[in-house]
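Chain and residue survey
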Amino acid sequence: MELLEPGYKKIRIQPQIGEHLTWVDASLESVHGTIKVTWKKQNEDSVEMQVLIPSNTTAEIIIPTMNQDSILESGTPIEQVIGLSSVEQMSEGLKLLVGSGDYYFKFPMT
C-alpha cells in the first residue's frame, strides 16, 4: 500500500509476488476507514487477491499481467466491473483505477 494523496484519499496497491512469498494479509486504518489487501498464490499458476477500499477513497491497483481478458473480479471480466474507472497498461502490468468497495480479483501468474 502506497500513499498517493494526503490522508490516504488516493492509494496504490501493487502486489510484489515472488517465488518464495506465497501470500500477504495487510491492513491499515486511515481517516476514511480500513484499507485491506489479501492475496495468495494458487497452484503456481494464478493469484487471488481481495482489496477493500474505504469510502471517499480511490485506488490504483497494479495487476502484474498484461492480459486484460484474463483478470476477473468476483468472476466477472474487469471491463464489466462497477466501480472500475479505467484500465491502463504499464511496464509492471495493468493499472486499474477503482473507487471505494470490496474487490475480489483472480489473475494468472506471468
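Whatever comes next refers back to the structure up there.
Residues numbered from 1 in each chain as written. Predicted model: local features only at pLDDT ≥ 70, side-chain atom pairs only at ≥ 80, totals over all residues. Heavy atoms only, no water.

1. Looking at the sheet that holds strand β8 (residues 76-77)
Here six strands make up an open sheet; going across it, the order is β3-β4-β5-β11-β7-β8 and the pairing antiparallel. Where the open sheet ends on each side, the last strands, each with one partner, are β3 (23-30) and β8. Of the pairings in the sheet, the one linking strand β5 (residues 46-53) to strand β11 (residues 101-108) comprises eight bridges and is antiparallel in character. By the bridge assignment for β11, Leu52 is matched with Asp102. (Pairing = 2+ DSSP bridges. Helix = DSSP H or I, 4+ residues; strand = E, 2+ residues; numbered from the N terminus.)

2. Considerations on the environment of Lys36
Take Lys36: it is sitting in strand β4 (residues 33-42). Among the residues examined, Lys36 registers a relative accessible area of 31% and is labelled partly exposed. C-alpha of Lys36 to C-alpha of Met1: the two residues are 35 residues apart in sequence and 8.8 Å apart in space. Apart from residues lying up to four places away in sequence, Lys36 is in contact with Asp25, Ala26, Ser27, Gln50, Val51 and Leu52. Within the local environment of Lys36, its side chain forms a polar contact with the side chain of Asp25, the two groups lying 2.7 Å apart. (Buried < 20%, exposed > 50% of the residue type's maximum accessible area, 1.4 Å probe, protein only. Contact = heavy atoms within 4.5 Å. Polar contact = N/O pair within 3.5 Å; in protein donor to acceptor, adjacent residues only side chain to side chain.)

3. Re the sheet that holds strand β10 (residues 93-98)
The strands making up a sheet are joined through hydrogen bonds of the backbone, oriented either antiparallel or parallel. Ordered in space as β1-β2-β6-β10-β9, the five strands form an open sheet in which the pairing is mixed. The open sheet terminates on both sides in strands that have one partner only, identified here as β1 (2-3) and β9 (84-90). With five bridges joining them, strand β6 (residues 58-63) and β10 adopt antiparallel strand pairing. In the sheet register, Ala59 faces β10, and the bridge partner there is Val98.

4. A word on the pairing of β5
Strand direction decides the pairing type here: β4 and β5, joined by seven bridges, are antiparallel. By the bridge assignment, Gln42 is partnered in β5 with Ser46. Linking two consecutive strands that pair antiparallel, namely β4 and β5, is a turn of three residues; a positive phi of about 55 degrees is found at Asn43 within it.

5. Some thoughts on the pairing of strand β2 (residues 10-13)
Both faces of the sheet carry side chains from a regular strand, because those side chains alternate between them. Residues of β2 alternate between two faces, with Lys10 and Arg12 on one and Ile11 and Ile13 on the opposite face, all of them buried. Judged from the two bridges that link them, β1 and β2 form a sheet pairing that is antiparallel. In the strand pairing of β2, Glu2 is matched with Arg12. In sequence, β1 turns back onto β2 through a hairpin of six residues, with Gly7 there showing a positive phi of about 75 degrees. When β2 meets β6, the two strands line up parallel, connected through four bridges. Bridging across to β6, Lys10 finds its partner in Thr58.

No statement about biological role is implied by the geometric values presented.
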